[in-house]
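# Structure at a glance
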Amino acid sequence: MTTTTLAVLVPLLPFLGAVAGLLLGRTAPGFVRPLAVLPTLTAAVLAVVVAVRQGGGEPVQAATRLTPTGSVPIDLALYLDGFAVLVAALVGVVATCVQIYSTAYLREDPRYPSYAALVSLFTSAMLLVVYSGDLMVLLVGWEIMGICSYFLVGHYWETPEARAASLKAFLVTKLGDVPFLIGLFALATDAGTFRITGVLDTVATGGLDHPTLIALLLLAGVAGKSAQFPLHIWLPDAMAGPTPVSALIHAATMVAAGIYFIARLLPVFTASAAALVVLAVMAAITMTGSALAALAQDDIKRVLAYSTIGQLGYMAGALAVGDRGAAVFHLISHGAFKALLFLAAGVVIHAAGTNSLAAMSRMSGLARRIPDAYWTMTIALLALAAVPPFAGFFSKEAVLVAAEHTAIGESGAAPGAAGWTVLIAGLVTALLTAAYATRLWLLAFRGHGTEAPDHGREPLAMTSVLWLLAIPSLGFGTTYGYFDGWFDGHDLAPTTTTAVLGTGVAVIGGLLTYAAWRSRAPRAAALPEAATAAAHAAHPDAPPSTVEAEAIAAHTPAYGSIASAPDPADPGRTLLGPLHRHAASGFHLDAAARALLIRPVMAAARLVGFLDREVVETYVRGAALGVNGLGRLVRRAQTGNVQTYAGWLLAGTAVLVIAAVVLSTVNAGS
C-alpha cells in the first residue's frame, strides 16, 4: 500500500474500533477488549511505518475536495512532514499502552465498553489533528477530543469531584475555542484557503492583513486546549478521571494538540513579534507558577498534572523563540515519560489504597510491594527532572538552547525579550521541577510507619507497559542527532552553558528538597494517624479503578481539601514557606475565575431570567388575557336566535346608511 493509504488507515482504524465497541459492548462483551486494543495497536504500527517511509524528507501530501462552500473550500487533506509522522507515532504507542493497561485497571468496571470506545475515538481524533492538512478538518478532531474528554474525565460520575471536573474541563476549553474558531475564519479569509500549505504560502509572501489579531485569537484556543495560563485551571481537577485517561490526555492527545497546532502554523505566529512576546510571557508564567503549585499538592496525580502544565510551558516557550523543532522534540520526550508517570501512579494508588502523599509517607515497604512501578517511576522522575542521560535532559536542553540563541541575538526568529523571558523562567522551573520530583519520590517510596498492604503482584497488562515506556524515557533523548532532519534541520544538541546551568539548578533543587525532608521527618507524628487513615479507600482489596475512585472521594473529607494535606512533615512547606498555602490552591485562580467570570455570568443569567419572567411573560400573559376577554364578549353575542341576528343586521345596515348620508351631505356642502 502507498504511504497515503497507510496514513488514511491510521486515524480510521481506532474510529472503526470505537464504533464496533459501542455497538457490540452489550450484545458481545467478549469482543470489547480485542476491539479496544487491536485497532489501536494496528494504527500504532502503521503510524511507525508511515514515519519510516516519510523519513524526515519532503512532506507527503494528498487532498480531495470535501465540499464546495461558495467561498473558501474545505478539503479532506493529508500533510505528512517529519513533525506529523513522529507525533502520530507517539500518539499510537501511548494510546496502545493505555488500552492494554486499561484492560486490567478497569477489568470489573461495568462501563468499560463505553470507556474503551471513547478512548479509541479520542485517539482517532488526535491522529486526525496530526495528519490533517486542512484547518476545518483539523477543527473536527479538535472538538471531538473536547467532548471525549468530558465523558472520560467524568467516568466516575457517581463522585461529585468527577462530575464537576468534567464540566469544568469542557467549559474552560470551550471558552478558548470561541476565539480560536474566529481566528481560524479570519486566517482563512486573509489566506483565501483552509489548506495549511496555502496558509503558509500566504504568510511567506506577506499576505496576512491582520497577523497579530489572528495569532492572539488562535493563542486563546491553544491556551485552553494545552492548559496554559490563565486557562489551565481545568487540568488539575481533571485528575478525578481514571488514571489511564490522565495518561492519555497529558501525554499524547488533548494537551499536546495546542502545542502541535502552533508548531504546524508557526510562521503565522512569527509574523507578529507582539504575539511571540505574549506567548513567551504566557509560557513563563505557566511553567513557574505550575511548578510552585506542584510542590504543594498532596494528591500524587495533581502533582503530575501541574507538572504537565509546566512542561507544556517549556514547549510553548520554545515556540515563542521560533524553534518548533525543540518544542516537538520535548513534546515527544515528555509524552513518553509522562505517560509512564501516570500509569505508574495508578499502580501506586492501587497498592497504597490512597492517592495522598501524606498517607504514603507514613507507610513503609511500598517500593518492595510494587518493584515494577518503583523502578520505572524512578526512571520517569529522573527524566522529568532533566537528569542526564535521561530523555528529559536532552529535550529540555533543546528548549533552553533555543531560548539562549534568541536572547543573545544569534537567532532572529523572535524578539530578544522573548528569549530572555523563556531562558530565565526555564532555569527557575528546572530547579522547581527537580524539587517536586524529588519530593514525590521521597514521600511515596521512602515512608516510615505501617507496613504497606500486600495485594499481590499487579497484573502483567499493567506492569508490562511500564517497562515499554521506560525505554524511550531513558534513551529517546540520545537520538537527537538522528532526528535533526525531521525537525527542520535544527541542531538539537545541548550546549555546555545551558547543560551546566540546567543540570546544576536541578541538582540544587533535588538536594534542597532532600535536606528539607530530613529536617521535617521528626514532625510526622503531628498529623493524627486517623486523618491519614481516612484518606484511604474503603475497599483496598478492590480492583484498581474502584480503589482510585474511593481514594479520590476520601481525600476531601480526610483533609478538608482535594489538593493539599495539613502535613507538618511535608518538605514542600519548608521550601515554599508562607507561599505554600497559596500554591496549594493554585494561587487562587479558581476563586478569581469565580469572582470575575462565573458570578457575573450567573448574575446576568438571573437578571435575564427575571426580565423574561416579569417583563416579557407579563406582556405575553396580557396579550393572551386580552384576546381571551375579547373572545368572551364575542361569544355572548352568539345567542343562536335568528331574530336577534336579523335585528343586529338591520341595525348595522341602518348605521351604515346614516353614515353614508351624513358623509355625502358634508361633502356636498363643502
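Preceding block: the structure.
Read on for an overview of the structure. (Residues numbered from 1 in each chain as written. Predicted model: local features only at pLDDT ≥ 70, side-chain atom pairs only at ≥ 80, totals over all residues. Heavy atoms only, no water.)

## Notes on the pattern of salt bridges
The full count for this structure, using the stated rule, is 17 salt bridges. The residue D237 makes a salt bridge to K168 at a minimum N-O spacing of 2.7 Å. Remark: K168 occurs in helix α6 (residues 160-191) and D237 occurs in helix α9 (residues 234-237); sequence separation between them is 69 residues. According to the relative accessible area criterion, K168 is buried, its value standing at 17%. Taking the shortest distance from any N to any O, the salt bridge between D177 and K174 comes out at 2.8 Å. Here D177 pairs with K174, and both are found in helix α6, just three residues apart, close to one helical turn. According to the relative accessible area criterion, K174 is buried, its value standing at 18%. (Salt bridge = Lys/Arg side-chain N within 4 Å of Asp/Glu carboxyl O. Helix = DSSP H or I, 4+ residues; strand = E, 2+ residues; numbered from the N terminus. Buried < 20%, exposed > 50% of the residue type's maximum accessible area, 1.4 Å probe, protein only.)

## A word on the nonpolar core
Counting 207 residues, the largest nonpolar core has Y131, W234, F261, F269 and M377 as the members making the most contacts within it. Among the elements that make up this core, the one with the highest residue count is helix α15 (residues 324-352) (19 residues). Once residues within four sequence positions are removed from consideration, F261 is found in contact with L135, L138, W142, F180, L184, L218, V222 and F269. One finds A358, A359, A558 and A565 within the second-largest nonpolar core, a separate group that totals six residues. (Core = buried A, V, L, I, M, F, W, Y, C linked by side-chain atoms within 4.5 Å. Contact = heavy atoms within 4.5 Å.)

## Some remarks on the environment of S272
With respect to the secondary-structure elements, S272 resides in the loop between α12 (266-270) and α13 (273-294). Distance in space between the C-alpha atoms of S272 and L213 is 9.0 Å, their sequence separation being 59 residues. Not counting the four nearest positions on each side in its chain, S272 is found in contact with P211 and T212.

## Looking at the packing of aromatic side chains
Per the stated rule, a full pass over the model turns up 15 aromatic pairs. Seen from their ring centres, Y112 and Y115 are 6.1 Å apart, and the 35° between their planes marks the pair as tilted. Remark: Y115 and Y112 occur in helix α4 (residues 112-131); sequence separation between them is three residues, near one turn of the helix. Relative accessible area serves as the criterion here: at 1%, Y112 is assigned to the buried category. An angle of 65° between the planes, with centres 5.0 Å apart, marks the rings of F180 and F261 as edge-to-face. Highlighted residues: F180 in helix α6 and F261 in helix α11 (residues 254-264), separated in sequence by 81 residues. Note on accessibility: F180 and F261 belong to one class, buried. A connected cluster of aromatic rings, assembled from ring pairs, spans Y374, W375, W441 and F445. (Phe/Tyr/Trp six-rings, centres within 6.5 Å; stacked < 30°, edge-to-face > 60°.)

## Focus: a nonpolar patch on the surface
Judged by side-chain polarity, V8, L12, F15, L16, V19, L23, L24 and F31 come together as a nonpolar surface patch covering roughly 700 Å² of accessible area. Along the chain, F15 falls in helix α1 (residues 3-24). With a relative accessible area of 37%, F15 lands in the partly exposed category. (Patch = residues over 30% accessible without salt bridge, like charges linked within 9 Å, V, L, I, M, F, W, Y side chains within 5 Å. Areas by Shrake-Rupley, 256 points an atom, 1.4 Å probe, with all protein chains shown as cover.)

## Focus: the side chain of T243
In this fold, T243 is placed in helix α10 (residues 243-251). Here the side chain of T243 touches E548 through a polar contact of 2.7 Å, side chain to side chain. Not counting the four nearest positions on each side in its chain, T243 is found in contact with Y105, K301, F342, L343, G346, I349 and E548. (Polar contact = N/O pair within 3.5 Å; in protein donor to acceptor, adjacent residues only side chain to side chain.)

## Points about the environment of F329
Mapped onto the elements, F329 comes out in helix α15. Residue F329 is classed as buried on the basis of its relative accessible area of 0%. Each residue touching F329, except ones within four places of it in the same chain, is listed here: F394, S395, A398, F476, G477, Y480, F487 and L492.

## Observations regarding the side chain of S395
One can find S395 in helix α19 (residues 391-407). Given a relative accessible area of 0%, S395 falls into the buried group. A polar side-chain atom of S395 sits 3.1 Å from a polar atom in the side chain of S333. When residues no more than four places from it in sequence are discounted, the contact partners of S395 are F329, H330 and S333.

## Things to note about α10
Of all nine residues in α10, nine are buried; the element is thus mostly enclosed. When α10 is considered as a whole, its buried residues turn out to be T243, P244, V245, S246, A247, L248, I249, H250 and A251.

## Remarks on unusual backbone geometry
Cis geometry marks the peptide bond from F229 to P230; its omega dihedral reads 5°. Looking at the secondary structure, you find P230 in the loop between α8 (211-225) and α9. Cis geometry is adopted by the peptide bond preceding P389, which originates at P388 and carries an omega value of 5°. Take P389: it is sitting in the loop between α18 (371-384) and α19. Even without a glycine there, the phi angle at F587 is positive, about 60°.

## Considering the packing of α13 against helix α20 (residues 416-445)
Between α13 and α20, the shortest axis-to-axis distance is 8 Å and the interhelical angle comes to 15°. If you check the angle between α13 and α20, you find them roughly parallel. Taken as a pair, α13 and α20 cross one another with a handedness that is left-handed. Seen from α13, the contacting residues are L276, A280, V281, A284, M287, T288, A291, L292 and A294; seen from α20, they are A418, T421, V422, A425, G426, V428, T429, L432, Y436 and R439. Taken together, the residues that form the contact of α13 with α20 break down as 14 nonpolar, four polar and one charged. (Axes fitted to C-alpha atoms, helices over the stretch in contact; angles between N-to-C directions. Parallel < 35°, antiparallel > 145°, perpendicular 65-115°, else oblique. Left-handed = near helix turned anticlockwise from the far one by under 90°. Nonpolar A, V, L, I, M, F, W, Y, C, P; charged D, E, K, R; others polar.)

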